[in-house]
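# Coordinate inspection notes
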Amino acid sequence: MTMTSGHGALMEQSPYGLQSKKLAMWLFIASDAVTFAAALVAYGFLRIGSPDWPRPFEWPSIANGLVMTFVLLSSSLTMLVAVRAAKGGQKSKAIQWLGFTMLLGVIFAALHLREWFHMFAEGWGLSKNPMGGPLDFGAAFFSITGLHLLHVISGVVALLVITIGYKSNRLDDNHVETTSLYWHFVDIVWMFVFPLMYLMNAR
Amino acid sequence: MATDQGPSMTTYVGIWVGLLVIVGIEVAVTYQRPETKSLLAVLLILAFIEAGIGLLFFMHMKYERKILFWTVVPITLFVLLMMDHVWADAFRMFSLRLLQ
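Keep in mind that what you see is a predicted model, and the values were worked out from it rather than measured.

What follows deals with the overall build of chain B. In terms of regular secondary structure, chain B is built from 4 helices and 0 strands. Start at the N end of chain B and walk to the C end: the helices and strands fall as α-α-α-α. Here the C-alpha atoms of chain B give a radius of gyration of 19 Å, more than 25% beyond the 13 Å that 2.2 N^0.38 yields for 100 residues. Principal axes of the C-alpha set define a box for chain B whose edges measure 60 × 35 × 10 Å. Burial status across chain B gives 16% buried among its 100 residues.

Here you go:
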């Protein structure tokens, strides 16, 4: 099957059956996935190479991480509701559930920052280790969780932009769905960050 | 354009519960205090299962055309596998630091 443009030229239909923006988002997600993988492999490299790697996380930190995981997984669920509503033409419902998703994203970021400031107060930093072991722990932990936090915050901003555009009819349900791919990706990355950064370093 | 509209909300909620259960299993396994290598293996396997479920259902990959899967996933896995070349050097660094 072929399509014609305004100039009468023949074009092949995309074999992916996707809008270009959705395919572009998938390709971006693949590149971002290997970026996180590189950071996690670097952390693994430093950890394996250090005989006295610290394990600083006691139960309160793990519990906080559990709550963060619950919040982020729930935000993926609310995002799914929003996309289904958008696809079904239920605009106000979609906007409402986009709002819930953004709220959960903000809560996740707040919990994360609270954990960070707690660690700063204990003496941890990018190159500080109050437990007296290798300084690499701080660099690995804060850079990986910081990169993820940046993605969460960017995702909330993107969701806000999409919601405003969708509400004013400049954007449509496909934009909502494309943005939801990014949000689910951020959730999936946390499925690796939480066990590798928190559970592997539980005291 | 997708080949299928996807699962129902009930299925999505079920998958969400399943993912939470997997996270609970991860924490439970951690506090069994297994050897580090065993813990890492279990956590990585569970994380990949979670990622696969998220990719197929939440990100709707299961309901897209197969060519999307074959375009995105194999090359990503290939890059992840190529990164694994560093581990031998990490263990060498461990041995060197032990000798110091």
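Moving on from the model shown.
To continue, consider the overall build of chain A. Within chain A one finds 5 helices and 2 strands. Seen in sequence order, chain A has helices and strands lined up from the N terminus as β-β-α-α-α-α-α. Expressed along its principal axes, the backbone C-alpha trace of chain A runs to roughly 70 × 35 × 20 Å. Every one of the 203 residues in chain A was classed for burial, and the buried ones make up 39%. Within chain A, contacts between residues at least 6 apart in sequence are counted, and of these 71% link residues at least 24 apart.

Looking at the element boundaries, A:Phe137 is found in helix 4 (residues 136–167). Setting aside chain neighbours within four positions, we find A:Phe137 in contact with A:Trp53, A:Pro54 and A:Asn129.

All names here are of chain A. Turning to its location among the elements, Met102 is positioned in helix 3 (residues 91–122). Distance in space between the C-alpha atoms of Met102 and Thr35 is 24 Å, their sequence separation being 67 residues. Non-local contacts of Met102, meaning those with residues more than four positions away in its chain, are made with Val156, Leu159 and Leu160.

This paragraph deals with helix 4 (residues 87–99) of chain B. Taking 1.5 Å per residue as the helical rise, helix 4 of chain B with its 13 residues ought to reach 18 Å, and the 19 Å between its terminal C-alpha atoms agrees with that figure. The element helix 4 of chain B is largely exposed, with a buried count of 0 among its 13 residues.

The next subject is the domain arrangement of chain B. According to the domain assignment, chain B consists of domain 1 (1–64) and domain 2 (66–100). Centre-to-centre, using C-alpha coordinates, domain 1 of chain B lies 22 Å away from domain 2 of chain B.

On to the interface of chain B and chain A, then. Contact residues are listed per partner, giving 37 residues for chain B and 37 residues for chain A. Counting only elements with at least two residues in the side of chain B that touches chain A, the list comes to helix 1 (9–30), helix 2 (36–58), helix 3 (66–83) and helix 4 of chain B. Per-element accounting of the side of chain B that touches chain A gives the leading share, 10 residues, to helix 1 of chain B. A breakdown of the residues in the side of chain B that touches chain A according to their chemical character gives 30 nonpolar, 3 polar and 4 charged.

So, on to unusual backbone geometry. Phi is positive for A:Asn169, close to 65°, though the residue is something other than glycine. Topologically, A:Asn169 is positioned in the loop between helix 4 and helix 5 (173–198). Using a count of 8 C-beta atoms within 10 Å as the deciding quantity, one classes A:Asn169 as exposed. In this model, B:Arg33 sits at a positive phi of 55°, which is unusual for a non-glycine residue. Within the secondary structure layout, B:Arg33 lies in the loop between helix 1 and helix 2.

A separate point is the packing of helix 2 (residues 59–87) of chain A against helix 1 of chain B. Here helix 2 of chain A crosses helix 1 of chain B at 165°, and the two axes come no closer than 11 Å. Taken together, helix 2 of chain A and helix 1 of chain B sit at an angle that is classed as roughly antiparallel. For the pair helix 2 of chain A and helix 1 of chain B, the sense of crossing is right-handed. Across from A:Ile62, A:Leu66, A:Thr69, A:Phe70, A:Leu73, A:Leu77, A:Leu80, A:Val81 and A:Arg84 in helix 2 of chain A, the residues of helix 1 of chain B making contact are B:Met9, B:Tyr12, B:Val13, B:Trp16, B:Leu19, B:Leu20, B:Val23 and B:Val27. For the contact of helix 2 of chain A with helix 1 of chain B, the per-class residue count stands at 15 nonpolar, 1 polar and 1 charged.

This brings us to the nonpolar core. Counting 61 residues, the largest nonpolar core has A:Ala82 and A:Val193 as its most contacted members. Taken together, the elements giving at least two residues each to this core come down to helix 1 (20–48), helix 2, helix 3, helix 4 and helix 5 of chain A together with helix 1 and helix 2 of chain B. Tallying contributions element by element places helix 5 of chain A first for this core, with 16 residues. Other than its neighbours up to four places away in sequence, A:Ala82 contacts A:Ala94, A:Trp97, A:Leu98, A:Thr101 and A:Val176.

All names here are of chain A. One can describe the packing of helix 1 onto helix 4 by two numbers: an axis separation of 10 Å at closest approach and a directional angle of 165°. Accordingly, the angle class assigned to the pair helix 1 and helix 4 is roughly antiparallel. The way helix 1 lies across helix 4 gives a crossing that is left-handed. Counted together, Phe36, Ala39, Leu40, Tyr43 and Leu46 of helix 1 and Asp136, Ala140, Ser143, Ile144 and Leu147 of helix 4 form the full contact between these two elements. When its residues are assigned to classes, the contact of helix 1 with helix 4 shows 8 nonpolar, 1 polar and 1 charged.

Procedures and definitions
Residues numbered from 1 in each chain as written. Chains lettered and ligands numbered in written order. Predicted model: local features only at pLDDT ≥ 70, side-chain atom pairs only at ≥ 80, totals over all residues. Helix = DSSP H or I, 4+ residues; strand = E, 2+ residues; numbered from the N terminus. Rg over C-alpha atoms; globule rule 2.2 N^0.38 Å. Buried ≥ 20, exposed ≤ 12 C-beta atoms within 10 Å, placed from the backbone. Contact = placed C-beta atoms within 7 Å. Expected span 1.5 Å × (residues − 1). Domains from an automatic or database assignment. Nonpolar A, V, L, I, M, F, W, Y, C, P; charged D, E, K, R; others polar. Axes fitted to C-alpha atoms, helices over the stretch in contact; angles between N-to-C directions. Parallel < 35°, antiparallel > 145°, perpendicular 65-115°, else oblique. Left-handed = near helix turned anticlockwise from the far one by under 90°. Core = buried A, V, L, I, M, F, W, Y, C linked by C-beta atoms within 7 Å.

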